[in-house]
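Structural features, examined
Each chain, letter by letter, is given below.
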Amino acid sequence: MGIQGNIDLYFWIARGMGRRMGVNVTEAMHEGLLTQADFAQMINRCRCCTGAEGCLAYLSEHSEERGSAPDWCGNGTVLREIGAMV
């Protein structure tokens, strides 16, 4: 199936990047800051991104740190916006 076909992987990358940036994706949806459609778009951005393997390494190497997403993260902007609202 390869990395591109593993939708579960991108679900966890998107959530992990949110957590890394101080955003609880589930809570953001519960509070109306993020819709299910928005989250689906985030997952799709990850799926189409050529840096997904780099994100896995980034998340594992910086698992305890809170901060920013890598420069190449297509979801960095939306996660920063949500983080500013909480």
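Conventions we followed
- Residues numbered from 1 in each chain as written.
- Predicted model: local features only at pLDDT ≥ 70, side-chain atom pairs only at ≥ 80, totals over all residues.
- Heavy atoms only, no water.
- Buried < 20%, exposed > 50% of the residue type's maximum accessible area, 1.4 Å probe, protein only.
- Helix = DSSP H or I, 4+ residues; strand = E, 2+ residues; numbered from the N terminus.
- Arc of directions from axis to C-beta.
- Phe/Tyr/Trp six-rings, centres within 6.5 Å; stacked < 30°, edge-to-face > 60°.
- Axes fitted to C-alpha atoms, helices over the stretch in contact; angles between N-to-C directions.
- Parallel < 35°, antiparallel > 145°, perpendicular 65-115°, else oblique.
- Contact = heavy atoms within 4.5 Å.
- Nonpolar A, V, L, I, M, F, W, Y, C, P; charged D, E, K, R; others polar.
- Core = buried A, V, L, I, M, F, W, Y, C linked by side-chain atoms within 4.5 Å.

1. Observations regarding helix α4 (residues 52-61)
What α4 keeps buried is the set Ala52, Cys55, Tyr58 and Leu59. Taken end-on, α4 shows its buried residues confined to a sector of 105°, consistent with a single buried face. Of the residues in α4, the exposed ones pointing more than 90 degrees away from the buried face are Glu53, Ser60 and Glu61.

2. Examining the packing of aromatic side chains
According to the stated counting rule, one finds three aromatic pairs in the structure shown. Arranged with centres 4.8 Å apart and planes meeting at 90°, the rings of Phe11 and Trp12 form a pair that is edge-to-face. Of the residues examined, Trp12 reaches a relative accessible area of 53% and is grouped as exposed. With 6.5 Å between their ring centres and 75° between their planes, Tyr58 and Trp72 make a pair best called edge-to-face.

3. As for the environment of Arg20
Of note, Arg20 is situated in helix α1 (residues 7-20). Since its relative accessible area comes to 7%, Arg20 is described here as buried. On a C-alpha basis, the gap between Arg20 and Gly67 in space is 6.2 Å, while along the polypeptide they are 47 residues apart.

4. A short note on the packing of α1 against helix α3 (residues 36-48)
At their nearest, the axes of α1 and α3 sit 8 Å apart, and the two run at 110° to each other. Relative to α3, α1 is oriented roughly perpendicular. Here Ile7, Tyr10, Phe11, Ile13, Ala14 and Arg15 of α1 lie close against α3, whose contacting residues are Phe39, Met42, Ile43, Cys46 and Arg47. Grouping the amino acids of the contact of α1 with α3 by side-chain chemistry returns nine nonpolar, no polar and two charged.

5. Quick word on the nonpolar core
Judged by nonpolar contacts, the single largest core of 22 residues is most densely connected at Tyr10, Ile13, Met17, Leu34 and Phe39. In terms of residue count, the dominant contributor to this core is α1 (five residues). In contact with Leu34, not counting residues within four places along its chain, are Val25, Ala28, Met29, Phe39, Met42 and Ile82.

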